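Breakdown of the fold
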Amino acid sequence: MPRLNEQIEIVGRGSEAIAVCRCGYEIGPAAENYKVHLLMREGPVQNAGPWVDPNGIGGDRFVCREFFCPGCVTLLDVEIAQRHEPILWDVRLDVPE
Amino acid sequence: MTDTFAPEDLTAGGNGALDPVTFEILRSRLSAINDEAAMTMRLVSGSPVANEAYDMNVGLMDADGDCFAIGMYITIHALALSSTVKDIRQRFAADDVGPGDVFMSNDPYVGACHQMDVAVVAPIFAGDRLVAWTGSTVHQIDLGGPVEGQVQLGATSIWSEQPLFPPIKIVDAGELRPDVERGYLRRTRLPHLVDLDLKAMIAGCNVGVARVQDLTGRYGTDVVLAAIEGINVATAARFRARLAELPDGTWSHRGYIEYDEVYPVVVEMTKDGDSLTFDYTKSADQAGAVINCTRPACVGAVVAAVLPYLCYDMAWSPAGLQRAIEVRTREGTVVHAAWPAGTSKATTTGSFMATISAGVCLSKLLAASEGHLRQFMSTWMGGLYVEDMFGVDQRGEFFGAAILDAMAGGSGARAFADGLDAGGFLDSPSAIIANIEDIEYSYPVLYLSRRIQPDTGGAGKYRGGNTLAMTYITHDVERLPTKILHAIGTFQPGSIGVAGGYPSNTNQFVIKRETNVRDLLAGGAVPDDLGALDGELEIFADPIVKTSQGPDDVHRYVAMGGGGYLDPLDREPELVLADYVVGAVTVAHASDAYGVVIDVDEMCVDEAATDRRRRQIRDERRHSATVPGAATRQRGST
Ligand SMILES: [Zn+2]
């Protein structure tokens, strides 16, 4: 079974394939960015940790996006991006036909 | 490095001219020659950059300039040496390249990673037959230009950076050319140090030439040439087999360079069967100067990422790998500079982020593989801080230095264990940092502290390695007149986490001015916390700063840790406690990031409170996050 990582598997074939969380929650079609189907919390880059730009020298240019499974609220990805940038599609597996 | 070859590799390498056993002997010997050349260079060089921090490398190229064996130091130099040799092959008449010749170049548009990484290369002849090349490089502390050191702050093009020299012959048939040497040294503020490094690089080449000639004499030229081609063939075969074991797909990453604005380094990595493509064409347009790298440096940067992630058990032949890797770039970008864009800081900006961005994709490729998950590593230190320092030292001599302590970044979390605290950085399998005593002996500084900084590694079920924080003051001099502090990863953490791991900290540098540190020292205290000192804190917002340090100023910086792996709420509470006990994690971070409540009196995990805290964090997640649906769809997704 192809998998994005230990947390997310691809189930099914071709256009029927879907991304599934380890809890069984069906995230969405494998042909789409799994992250747009997750719960997302977007906040200041400082949300990523106590030593992330603690003096705020970068202003509010960068954001921390945390993506959670809507089923089990496991954290499935943390993305650092400029505020204006779209959600990155970081993993696109070739799905078996 | 482990070099184990399967029988089919040996057959593939044999190509008829030599038997597998001889092939293996020669392959090992050529690798050992690189080691000896590197050690020679290190011992001849007086530069702490080479001697204490190993910011250098050596390589062996075939007659055409393809690098079949790279030394175990800064791996990006493989392509620099290779491109420099190819340029010489193209530009010099065949009878202008002879036994005993040595060439040098610092031209990034030819191949040098940036102007400071001078490439010195020498042809290896067996009789009158050109059989191979050897090369060496050491990062130089000053090669002229308006600003001391590497970073040409204020430069708008390569014309306001260090002068370039395309390949020139520095040694002609065994004789050093004094006019060329003099011309080279004329441009630096540190002629003695730069001259010693030049001799060190030539010495490294001399070792490579002599030892390979010994081999051709003993085994015959055809046998050695067959072994060289065999190394490339075997590595390419082994690498393609490794790729075939991994899942197919496309991985993307956006890394960032902070400069006058933010420059994304965007890569899309496609793994298809037994080939690998890295596409950087969506990266930011180039800056006028300073942060760009040229295409050879970008290709070298990819090789530097592929070697540790995928080639941990095969011979490190960049030429072999290149047979299965394609690197796409767009001229005029920050990773493929168009003339005359400047490149003076390339190895800690353009090419550095090219390596990190490729590394993130490779780490996620391994994360997608059940069979190779144990080789997974989350992101290593994703932004390097360096201080270039110039002034008059405690002996009254003019000096220049590059302080490279921040190379002790955190390594990325693994799939079964944490990253290493102060584990180094991805670009060098042999990264070390100087002992404090060596730095204090060489330069007029006194360290108040250098230690692992808790909570700097990215949180995760397995956390990223923590990095170092340091404080120091001047020593035995009135002041340090010139300090150039420079880093990327100051606004954002370059070491991102994978599959729910958090990123590391960011690079930070501050100076507390006009403190009472001398009084405290006189009273017997060693104040290593800025909060305990009087004075005014100067926080630098720019990623490149030129400043000075007076006798009562305390300089502090925090380097960058490694990225985490998986949701930190899945971390075993006992591991969090163990981190607390050794000072790797604070009580506050244990609760905030891991949901683990530590009873500091009993030195144990409060299990009931931990259950409650973790439930609370999960509730917060559910209530503070939104189903992206329409909103994010509108913003699109790339
Ligand atoms: Zn789930």
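Procedures and definitions
- Residues numbered from 1 in each chain as written.
- Chains lettered and ligands numbered in written order.
- Predicted model: local features only at pLDDT ≥ 70, side-chain atom pairs only at ≥ 80, totals over all residues.
- Heavy atoms only, no water.
- Helix = DSSP H or I, 4+ residues; strand = E, 2+ residues; numbered from the N terminus.
- Buried < 20%, exposed > 50% of the residue type's maximum accessible area, 1.4 Å probe, protein only.
- Contact = heavy atoms within 4.5 Å.
- Areas by Shrake-Rupley, 256 points an atom, 1.4 Å probe, with all protein chains shown as cover.
- Lys, Arg positive; Asp, Glu negative; His and termini not counted.
- Charge placed at Lys NZ, Arg CZ, Asp CG, Glu CD.
- Phe/Tyr/Trp six-rings, centres within 6.5 Å; stacked < 30°, edge-to-face > 60°.
- Lys NZ or Arg CZ within 6 Å of the ring centre and 35° of its normal.
- Pairing = 2+ DSSP bridges.
- Buried area = accessible area lost by both parts, 1.4 Å probe.
- Salt bridge = Lys/Arg side-chain N within 4 Å of Asp/Glu carboxyl O.
- Polar contact = N/O pair within 3.5 Å; in protein donor to acceptor, adjacent residues only side chain to side chain.
- Nonpolar A, V, L, I, M, F, W, Y, C, P; charged D, E, K, R; others polar.
- Domains from an automatic or database assignment.
- Donors = N, O, S within 2.8 Å, 3.2 Å for Na, K, Ca; no water.
- Tetrahedral: all angles 85-135°; square planar, octahedral: opposite > 155°, others 65-115°.
- Axes fitted to C-alpha atoms, helices over the stretch in contact; angles between N-to-C directions.
- Core = buried A, V, L, I, M, F, W, Y, C linked by side-chain atoms within 4.5 Å.
- 1 Å grid on protein atoms, 1.4 Å probe; cavity = no way out; pocket = protein on both sides within 12 Å on 5 of 7 lines; lining within 4 Å.
- Points joined across faces, edges and corners; volume = space filled by probe spheres on them.

Below, the discussion takes up the overall build of chain A. Along chain A, the regular secondary structure elements total 0 helices and 7 strands. Along chain A, helices (α) and strands (β) appear in the sequence β-β-β-β-β-β-β when read from the amino end. Its C-alpha atoms give chain A principal-axis dimensions of about 50 × 25 × 15 Å. Out of the 97 residues belonging to chain A, those deemed buried represent 58%. Look at the contacts in chain A between residues 6 or more apart in sequence, and 42% of them connect residues 24 or more apart. With an accessible surface of roughly 3700 Å², chain A has 49% of that area assigned to carbon and sulfur atoms. Mean positive and mean negative side-chain charge positions of chain A (9 and 15 charges, respectively) differ by 3 Å.

What follows concerns the packing of aromatic side chains. Under the counting rule described, the total for this entry stands at 15 aromatic pairs over all chains. Consider the rings of F390(B) and F398(B), whose centres lie 6.3 Å apart with planes at 35°: the pair is tilted. Since its relative accessible area comes to 1%, F390(B) is described here as buried. Above the plane of the ring of W89(A) lies R92(A), whose end atom (NZ or CZ) is 4.7 Å from the centre. When the ring centre of Y441(B) is taken as origin, the NZ or CZ atom of R395(B), which lies over that ring, is 5.1 Å away.

With that out of the way, let us pick up the pairing of strand β4 (residues 117-126) of chain B. Residue and element names in this part refer to chain B. Of all 10 residues that make up β4, 10 are buried, and the element is covered over most of its length. Of the two faces of β4, the one lined by D117, A119, V121, P123 and F125 and the one lined by V118, V120, A122, I124 and A126 are each fully buried. In this structure, strand β3 (residues 102-105) lies alongside β4, joined through 3 bridges in antiparallel fashion. From the neighbouring strand, M104 faces β4, where its bridge partner is V120. Note that β4 and strand β5 (residues 129-139) share 10 bridges and pair antiparallel. From the neighbouring strand, I124 faces β5, where its bridge partner is A132. In textbook terms, the turn of a hairpin is the stretch between consecutive antiparallel strands, and for β4 and β5 this stretch comprises 2 residues, one of which, G127, has a positive phi near 65°.

All names here are of chain A. Of the pairings in the sheet, the one linking strand β1 (residues 8-11) to strand β2 (residues 18-21) comprises 4 bridges and is antiparallel in character. If you follow I10 over to β2, its bridge partner there is A19. Where β2 meets strand β3 (residues 26-29), 3 bridges bridge the pair, whose relative direction is antiparallel. Pairing of A19 across the sheet is with G28, part of β3. Between the end of β2 and the start of β3, which pair antiparallel, lie 4 residues, with G24 showing a positive phi angle near 100°.

Each partner contributes residues to the interface: chain A has 56 residues there, and chain B has 64 residues. When the two sides are added together, the surface that chain A and chain B hide from each other amounts to roughly 5000 Å², 55% of it contributed by carbon and sulfur. In terms of surface lost to chain B, no three residues of chain A exceed R3(A), W51(A) and I57(A), which account for 15% of the buried area on that side. Viewed at the interface, chain B and chain A are joined by 5 salt bridges. Between D90(A) and K364(B) there is a salt bridge; the shortest N-O distance is 2.7 Å. Where chain A meets chain B, there are 21 residue pairs in polar contact (both at pLDDT 80 or more). Broken down by secondary-structure element, the contributors of at least two residues to the side of chain A that touches chain B are β4 (39-44), β5 (62-68), β6 (75-82) and β7 (91-93) of chain A. The leading source of residues in the side of chain A that touches chain B is β6(A), at 8 residues. Here the residues of the side of chain A that touches chain B are counted per class, giving 28 nonpolar, 10 polar and 18 charged. With 3 bridges joining them, β7(A) and strand β8 (residues 249-258) of chain B adopt antiparallel strand pairing.

Before going further, it helps to examine the domain arrangement of chain B. Residues and elements named next belong to chain B. You can read the domains of chain B as domain 1 (7-236), domain 2 (377-568) and domain 3 (572-629). Listed as interface residues are 11 residues of domain 2 and, on the opposing side, 10 residues of domain 3. In total, domain 2 and domain 3 occlude about 900 Å² of area from one another, counting both sides; carbon and sulfur atoms represent 41% of this. Among the residues domain 2 hides against domain 3, the three largest losses belong to D455, R463 and P568. Together they make up 49% of the total. Summed over the shared surface of domain 2 and domain 3, the result is 2 salt bridges. With a shortest N-O distance of 2.8 Å, D567 and R621 are connected by a salt bridge.

Before going further, it helps to examine the coordination of the zinc ion. All names here are of chain A. Every protein donor of the zinc ion is listed here as C21 (SG), C23 (SG), C69 (SG) and C72 (SG), and their distances to the metal cover 2.2 to 2.4 Å. Considering all 4 donor atoms around the zinc ion, the spread of angles at the metal, 107 to 113°, places the coordination shape in the tetrahedral class. Coordination of the zinc ion draws on donor residues from a single chain, spaced C-x1-C-x45-C-x2-C in sequence. Here C23 is found in the loop between β2 and β3, whereas its partner C69 is found in the loop between β5 and β6, with 46 residues between them in sequence.

Glancing now at the environment of I511(B). Of note, I511(B) is situated in strand β17 (residues 508-513). Between the C-alpha atoms of I511(B) and Y472(B), which are 39 residues apart in sequence, the distance is 9.7 Å.

A word on the sheet that holds strand β7 (residues 175-176) of chain B. Think of a sheet as strands paired side by side through backbone hydrogen bonds, with each pair either parallel or antiparallel. Residue and element names in this part refer to chain B. Taken together, the 7 strands give an open sheet; going across it, the order is β2-β1-β5-β4-β3-β6-β7, and neighbouring strands pair in antiparallel fashion. Of all strands in the sheet, those with a lone pairing partner are β2 (67-70) and β7, marking the two edges. The strands that helix α2 (residues 20-44) touches are β1 (56-62), β2 and β5; relative to β1, the one it contacts most, it runs at about 140°. Sheet strands in contact with helix α5 (residues 178-186) are β3, β4, β6 (168-172) and β7, and its direction is about 130° off that of β6.

All names here are of chain B. In terms of nonpolar packing, the biggest core is built from 200 residues, with F239, F278, Y280, V306 and L310 touching the most fellow members. Examining the composition of this core, we find that 12 residues originate from one element, helix α8 (residues 295-310), more than from any other. Each of domain 1 (7-236) and domain 2 (377-568) gives at least three residues to this core. Dropping the residues within four chain positions of it, Y280 is found in contact with V265, V266, V267, C298, V302, V327, R328, T329, V335, A354 and A358.

Before going further, it helps to spend a moment on the layout of surface pockets. Residues and elements named next belong to chain B. Put simply, the largest pocket is a space of about 590 Å³. Looking at the largest pocket, it is lined by 29 residues, and the ones nearest its centre are G46, P48, L193, G400 and Y443. When contributions to the lining of the largest pocket are tallied by element, the ones reaching two or more residues are α3 (48-51), α6 (191-219), β13 (398-403) and α11 (436-442). Looking at the lining of the largest pocket, the element that brings in the most residues is β13, giving 5 residues. For the lining of the largest pocket, the residue count by class is 16 nonpolar, 6 polar and 7 charged. Viewed by domain, the lining of the largest pocket spans two of them, domain 1 (7-236) and domain 2 (377-568), each represented by three or more residues.

Attention shifts here to the sheet that holds strand β18 (residues 536-539) of chain B. Residues and elements named next belong to chain B. Taking strand neighbours across the sheet as the criterion, the 5 strands line up as β14-β15-β20-β17-β18 in an open arrangement whose pairing is antiparallel. Among the strands making up the open sheet, the edge pair consists of β14 (445-452) and β18. Within this sheet the neighbouring strands show an average axis-to-axis angle of 20°, counted without direction.

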